[in-house]
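Structural description and commentary
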There are 2 protein chains.
Amino acid sequence: MTSTEGFDYAPAPLPQPVVGPDEFRFAAIGLDHGHITGMSQGLIGAGGTLVSVYDPDPEKVARYVEQFPQAKPARSEAEILEDPSIHLVAGATITSQRCALGLRVMDAGKDYFTDKAPLTTLEQLDQAKAAVARTGKKYAVYYSERIHVEAAVFAGQLIEQGAIGRVLQVLGLGPHRLRAGIRPDWFFEKDKYGGILCDIGSHNIEQILYYTGASDATVTQSQIANYNHPQYPELDDFGDANLVCDNGANGYFRVDWFTPDGLQNWGDGRLFILGTEGFIELRKYMNLATDDGPGHVYLANGEREEHYNVFGKVGYPFFGQLIRDVLDRTETAMTQEHAFKAAELSVKAQVNARVLAP
Amino acid sequence: MTSTEGFDYAPAPLPQPVVGPDEFRFAAIGLDHGHITGMSQGLIGAGGTLVSVYDPDPEKVARYVEQFPQAKPARSEAEILEDPSIHLVAGATITSQRCALGLRVMDAGKDYFTDKAPLTTLEQLDQAKAAVARTGKKYAVYYSERIHVEAAVFAGQLIEQGAIGRVLQVLGLGPHRLRAGIRPDWFFEKDKYGGILCDIGSHNIEQILYYTGASDATVTQSQIANYNHPQYPELDDFGDANLVCDNGANGYFRVDWFTPDGLQNWGDGRLFILGTEGFIELRKYMNLATDDGPGHVYLANGEREEHYNVFGKVGYPFFGQLIRDVLDRTETAMTQEHAFKAAELSVKAQVNARVLAP
């Protein structure tokens, strides 16, 4: 019953770079969230050429250039937007400003790749949709807890191969470590970070839509709380929501900022996917109380229980697909509709959430 | 980080028998659910003396007597109810008939110990409450997935010792294997089994109330489905519900009949208890894709991650407490109010459930 006894469902071949140098050129604007590192690494790993970087804060730029010396600091955002050689701008600005940045990027004739949550209000969603229609450009989203997690990618491959039959429910646990001392002020201002269901909830809603194969869903219950952080009155330290999908499947997720200091990692992210013929459990970032690292996929179906450790075996096909999508004007990595639908439901879950007593 | 490296939180001493032979005498009436075996074993293990058994079906009686030769088959239910030496009647009749049996038992001057769910309608609940008030007798419930599971008992001890601070959320997964071929007809008739949220959901609602320490809760969302068993139109093969407790904590659980045949056990029952200072995960009956047996408790808090294998180390204090409660007229094992509240919320979750499209 261990990973050595059988591997009926092998991961798809590791993705390879999809372009040569300078075929796909991108820049980074907005370094407020550390996710910009993963976004940049992902594109570079798929063959992308990082050209330049801009943030109003020179310290953030300096730290970025330390990691990515190939990025030339630009004197202004305009310098990047006016560079005709750049195909795409990756951004991880403050959540509530991500849409405005995207509008500027798309209006400059470039595709946009933003950290999640991609926006914080339904008005921004309307603006983003209108800009996509007007410019023909992409507003792609870094839903990292699926696209940049090998266990999560492999789960999609398992489902596609029919390993658990039809997906009935997706249940996600998204705990995070607060590390309040190193967070910027905007992290605790709700109109800026968008609330917990919009922010880290968007990861889970995207996964519910993705693994169930749904194109739409209804949020049937959502709630938030500030259970234990009165010093940050606008922080939601807990949230959860239930979704009913348009294909009958359903989803539930919980997100929170209660990862304790004794945990080896920032959060014991889990996903349980229930199917008619079996189930999958992901232990994405760690296997609790072991030193086994990340990348644990558990499968149980009519034949067996199986533990796949997929660390280093799956890779992240999203990034190469996105690059090809940009160059070929296709929608392989993720459809625009899907990216926006996850955002829409995240905002709705947040806006309509019951507020629990602390 | 394994169970051998530290055991700051040791289980309480194993419970010992609380009475000598014939100090606590009980009988079994109603053998429709196999739980009667566990109920009987639990009481016997705590020192109880099994006296007699009755079921209208002689085959069920014969199978019971094979396991428990000390049980004398009675010619009628009345023979047991009229035996003044018997303190308590344990019963696992058809779910919808459990209340009626309890009324007869209590009116005969004996305490009652029923399999869960203890009842299937709010009318029955009113009758049961009235009978308790009228007779002064107990209507105790075998919520086995907590009281007869060592991992679940130990989790209670951990919480009591402050291992995770204040409990904020209890999240339970209660998958079960259907084994439709060996189930009796009543198992598929909703007015008899009560629906999935009433039936196996009652385990989870009891656990939510217990671990959060709540005395009441509101069911804020519940849903059921028959996703994949059209041949059993009254079967709910899926259900879930959210509860908000009177102390601010909350709970979510999912129950289903989709345990696949390749699983080593009838269900990979899990419980996640989120606290302000850490969390607990229970892998009650198995540790997926291992041969490590049951009884896994994982704790993470400010100090460490810890894996406790508590198989054989905790025991089941409920049964001895129940016996003492019967003899001493105390409420140590479980309050009547708690047992009824879990039943009430289970019925409400079921009755008000959204029905998902298959």
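Conventions adopted
Residues numbered from 1 in each chain as written. Chains lettered and ligands numbered in written order. Predicted model: local features only at pLDDT ≥ 70, side-chain atom pairs only at ≥ 80, totals over all residues. Heavy atoms only, no water. Core = buried A, V, L, I, M, F, W, Y, C linked by side-chain atoms within 4.5 Å. Buried < 20%, exposed > 50% of the residue type's maximum accessible area, 1.4 Å probe, protein only. Domains from an automatic or database assignment. Contact = heavy atoms within 4.5 Å. Pairing = 2+ DSSP bridges. Helix = DSSP H or I, 4+ residues; strand = E, 2+ residues; numbered from the N terminus. Axes fitted to C-alpha atoms, helices over the stretch in contact; angles between N-to-C directions. 1 Å grid on protein atoms, 1.4 Å probe; cavity = no way out; pocket = protein on both sides within 12 Å on 5 of 7 lines; lining within 4 Å. Points joined across faces, edges and corners; volume = space filled by probe spheres on them. Nonpolar A, V, L, I, M, F, W, Y, C, P; charged D, E, K, R; others polar. Salt bridge = Lys/Arg side-chain N within 4 Å of Asp/Glu carboxyl O. Parallel < 35°, antiparallel > 145°, perpendicular 65-115°, else oblique. Left-handed = near helix turned anticlockwise from the far one by under 90°. Disulfide = S-S within 2.5 Å. Buried area = accessible area lost by both parts, 1.4 Å probe. Polar contact = N/O pair within 3.5 Å; in protein donor to acceptor, adjacent residues only side chain to side chain. Least-squares fit on C-alpha atoms with pLDDT ≥ 70 in both.

1. Here's the deal with the nonpolar core
- Counting 110 residues, the largest nonpolar core has Phe 113, Tyr 139, Ile 273 and Ile 280 of chain A as its most contacted members.
- The two domains that each donate at least three residues to this core are domain 1 (6-143) and domain 2 (146-316 + 346-357) of chain A.
- Contact partners of Phe 113 of chain A, with chain neighbours within four places excluded, come to Met 39, Leu 43, Leu 88, Val 89, Ala 90, Gly 91, Ala 140, Val 141, Tyr 142, Phe 318, Phe 319 and Leu 322 of chain A.
- Counting 109 residues, the second largest nonpolar core, distinct from the first, contains Val 51, Tyr 143, Trp 257 and Leu 271 of chain B.

2. Looking at the sheet that holds strand β8 (residues 217-225) of chain B
Residue and element names in this part refer to chain B.
- With mixed pairing, the nine strands of this open sheet are ordered in space as β14-β13-β12-β11-β7-β10-β9-β8-β15. With one partner strand each, in any of the chains shown, β14 (305-309) and β15 (354-355) form the two edges of the open sheet.
- Relative to β15, β8 runs parallel, the two being bridged by two bridges. Each residue of the ladder has a partner; that of Ile 224, found in β15, is Val 355.
- Sheet contacts for helix α9 (residues 201-212): β7 (167-175), β8, β9 (238-245), β10 (250-256), β11 (270-275) and β12 (278-283); angle to β10, the most-contacted strand, approximately 160°.

3. A short note on empty space enclosed by the protein
- Counting across every chain of the model gives five cavities of 30 Å³ or more.
- Computed from the structure, the largest cavity encloses a volume of approximately 120 Å³.
- Surrounding the largest cavity, 14 residues form its lining, Phe 272 and Phe 279 of chain A together with Leu 173, Pro 175 and Arg 254 of chain B being those nearest its centre.
- Of all the secondary structure elements, the ones that give two or more residues to the lining of the largest cavity are β11 (270-275) and β12 (278-283) of chain A together with β7 and β10 of chain B.
- If you tally residues by element for the lining of the largest cavity, the top one is β11 of chain A, at three residues.
- Here the residues of the lining of the largest cavity are counted per class, giving eight nonpolar, one polar and five charged.
- Roughly 90 Å³ of volume is contained in the second largest cavity.
- Every residue lining the second largest cavity is listed: Leu 173, Pro 175, Arg 254, Asp 268 and Arg 270 of chain A together with Phe 272, Ile 273, Leu 274, Phe 279, Ile 280 and Glu 281 of chain B.
- Counting residues per element, the ones that place at least two in the lining of the second largest cavity are β7 (167-175) of chain A together with β11 and β12 of chain B.
- Residue composition of the lining of the second largest cavity, by class: seven nonpolar, no polar and four charged.

4. A look at the pattern of salt bridges
- For the coordinates displayed, the defined rule picks out 48 salt bridges over all chains.
- With its nearest N and O atoms 2.5 Å apart, the salt bridge here joins Glu 281 of chain A to Arg 270 of chain B. Residue Glu 281 of chain A is located in strand β12, and its partner Arg 270 of chain B is located in strand β11; the two belong to separate chains. There is no split in this pair, since Glu 281 of chain A and Arg 270 of chain B are both buried.
- The partner of Asp 115 of chain B in a salt bridge is Arg 98 of chain B, with the nearest N and O atoms 3.4 Å apart.

5. Here's the deal with the environment of Cys 99 of chain A
Residue and element names in this part refer to chain A.
- Looking at the element boundaries, Cys 99 is found in helix α4 (residues 98-107).
- Residues Cys 99 and Ala 117, 18 residues apart in the sequence, show an inter-C-alpha distance of 9.9 Å.
- Sequence-distant contacts of Cys 99, that is, excluding residues within four places in its chain, are made with Pro 118, Leu 119, Gln 124, Gln 127, Ala 128 and Tyr 139.

6. Quick notes on the packing of α9 of chain B against helix α11 (residues 336-351) of chain B
Residues and elements named next belong to chain B.
- Two numbers describe how α9 lies on α11: the axes approach to 9 Å, and their chain directions differ by 125°. Judged by the inter-axis angle, α9 sits oblique to α11. Crossing of α9 against α11: the hand is right-handed. Here Gly 201, Ser 202, Ile 205, Glu 206, Leu 209 and Tyr 210 of α9 lie close against α11, whose contacting residues are His 338, Lys 341, Ala 342, Leu 345, Ser 346 and Ala 349.

7. Thoughts on the state of the cysteines
- Summed over all chains, the structure comprises zero disulfides over all chains.
- Free of any disulfide, Cys 99 of chain A has its nearest cysteine sulfur in Cys 198 of chain A, 12 Å distant.

8. Notes on the pairing of strand β9 (residues 238-245) of chain A
All names here are of chain A.
- Burial of β9 is extensive: eight of the eight residues sit out of reach of the surface.
- Both faces of β9 are covered, namely the face carrying Phe 238, Asp 240, Asn 242 and Val 244 and the face carrying Gly 239, Ala 241, Leu 243 and Cys 245.
- Pairing between β9 and strand β10 (residues 250-256): seven bridges, direction antiparallel. Of the residues in β10, the one forming a bridge with Asn 242 is Tyr 252.
- Between β9 and the antiparallel strand that follows it, β10, lie four residues; Gly 248 among them carries a positive phi value of about 95°.

9. A few points about the interface of chain B and chain A
- Each partner contributes residues to the interface: chain B has 57 residues there, and chain A has 57 residues.
- With both sides pooled, the region where chain B packs onto chain A buries about 4300 Å², and carbon together with sulfur makes up 59% of that total.
- Counting across the interface, chain B meets chain A through two salt bridges.
- Between the two partners, chain B and chain A, sit 21 residue pairs in polar contact (both at pLDDT 80 or more).
- Counting residues per element, the ones that place at least two in the side of chain B that touches chain A are β7, β8, β9, β10, β11, β12, β13 (296-301) and β14 of chain B.

10. Quick notes on the domain arrangement of chain A
Residues and elements named next belong to chain A.
- Each domain of chain A was delimited in the assignment, giving domain 1 (6-143) and domain 2 (146-316 + 346-357).
- A straight line from the C-alpha centre of domain 1 to that of domain 2 covers 23 Å.
- Counting residues at the interface gives 27 residues for domain 1, matched by 31 residues for domain 2.
- When domain 1 packs against domain 2, close to 2400 Å² is buried across both sides, 62% of that on carbon and sulfur atoms.
- Applying the counting criterion to the domain 1 and domain 2 interface returns one salt bridge.
- In this structure, Asp 199 and Lys 116 form a salt bridge, with 2.6 Å as the shortest nitrogen-oxygen distance.
- Taken together, domain 1 and domain 2 are joined by six residue pairs in polar contact (both at pLDDT 80 or more).
- When residues of the side of domain 1 that touches domain 2 are assigned to their parent elements, the largest contribution, three residues, is made by helix α1 (residues 35-45).

11. Points about the pairing of β7 of chain A
All names here are of chain A.
- Where burial is concerned, most of β7 is hidden: nine out of the nine residues are buried.
- Of the strand pairs in this sheet, β7 and β11 are connected by six bridges, and their pairing is antiparallel. Residue Leu 171 lies in a different strand from β11, and its bridge partner there is Phe 272.

12. A look at α1 of chain A
Residues and elements named next belong to chain A.
- The element α1 is largely enclosed, with a buried count of eight among its 11 residues.
- Residues of α1 that are buried: His 35, Ile 36, Thr 37, Gly 38, Met 39, Ser 40, Gly 42 and Leu 43.
- Gly 47 sits one or two positions beyond α1 and adopts a positive phi of about 110°.

13. Regarding the relation of the copies chain B and chain A
- Overlaying chain B with chain A gives an RMSD of 0.0 Å, the required rotation being 180° about an axis along which the chain moves by 0.0 Å. Taken together, these values place the two copies in the relation of a two-fold axis. Among all residues of chain B, the one whose C-alpha sits closest to the rotation axis is Gln 221 of chain B, at a distance of 3.3 Å.
- Comparing contact sets, 98% of the residues at the interface of chain B also lie at the interface in chain A, consistent with an isologous, same-surface contact.

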